[in-house]
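Structural overview for review
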Amino acid sequence: MRKYYLFIIRDEVADAYKNNLKDLYICLYELHNGKFNNLNYRISLFEQICLSFKVNVINNYFKHLFYIKQNNKKYLYKKNGEVSVMEISYSNIVIITNRNFPYFFNVLNLYNKKILVCDFFNHDYFWLSKQNTKIKSFEYN
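Let's shift gears to the pattern of salt bridges. Evaluated as defined, the whole model comprises 4 salt bridges. A salt bridge links Asp124 to Arg2; its shortest N-O distance comes to 2.4 Å. In this pair, Asp124 sits in strand S8 (residues 124-127) while Arg2 sits in strand S1 (residues 2-9), placing the two residues 122 residues apart along the sequence. This pair shows no difference in class: Asp124 is buried, exactly as Arg2 is. For Asp11, the salt bridge identified is with Lys114, shortest N-O distance 4.0 Å. Here Asp11 is found in helix H1 (residues 11-16), whereas its partner Lys114 is found in the loop between helix H5 (103-111) and strand S7 (115-119), with 103 residues between them in sequence. Judged by relative accessible area, Asp11 falls into the partly exposed class, the value being 46%. Of the residues examined, Lys114 reaches a relative accessible area of 26% and is grouped as partly exposed. When salt bridges that share partners are traced, they join Arg2, Asp119 and Asp124 into one network.

If you want it as structure tokens, here you go:
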């Protein structure tokens with residue numbers, strides 16, 4: 001199973017890290033894992049890097065499709081051997097799946113082209129809009 005975290009990256013940040021995506025990943029990894037103890041600093045840093053998801057827009061889109069809605073912000077997709085659960089929040093989207101590229105990726109790629117996908121457990125990260133390119137991976141020390 002894979003657990004992906006999706007973040008919308010601000011345009012100016014995406015441009016600044018265009019040639020060094022690893023550093024952007026490390027920053028999100030440290031934010032996710034609580035390396036910064038000061039909550040106000042973490043929130044400020046997150047807001048400098050990321051934009052919020054429009055939860056209502058995404059919910060309106062998914063409620064009209066063939067997904068099984070578990071609650072207001074969680075969806076289950078089961079088809080062709082794929083089982084994926086997506087949980088939507090303002091700060092990120094979490095997808096737990098048995099596939100490397102779940103169907104949710106195809107739909108969310110239409111929502112925004114600056115979505116960075118991170119698998120913090122396996123240290124994988126990639127732009128959702130470039131999902132057909134090789135996934136970058138590294139060991140975090």
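This part covers the nonpolar core. Phe7, Ile9, Leu28 and Ile49 are the most contacted members of the largest nonpolar core, which totals 24 residues. Elements with a minimum of two residues in this core: S1, H1, helix H2 (21-32), helix H3 (39-49), S7 and S8. Ranked by residues supplied to this core, first place goes to H2 with 8 residues. Once residues within four sequence positions are removed from consideration, Leu28 is found in contact with Phe7, Ile9, Ile49, Cys50, Leu116, Cys118 and Phe120. With 21 residues, the next largest nonpolar core counts Ile8, Phe53, Tyr75 and Met86 among its residues.

Thresholds, definitions, all that
Residues numbered from 1 in each chain as written. Predicted model: local features only at pLDDT ≥ 70, side-chain atom pairs only at ≥ 80, totals over all residues. Heavy atoms only, no water. Salt bridge = Lys/Arg side-chain N within 4 Å of Asp/Glu carboxyl O. Helix = DSSP H or I, 4+ residues; strand = E, 2+ residues; numbered from the N terminus. Buried < 20%, exposed > 50% of the residue type's maximum accessible area, 1.4 Å probe, protein only. Core = buried A, V, L, I, M, F, W, Y, C linked by side-chain atoms within 4.5 Å. Contact = heavy atoms within 4.5 Å.

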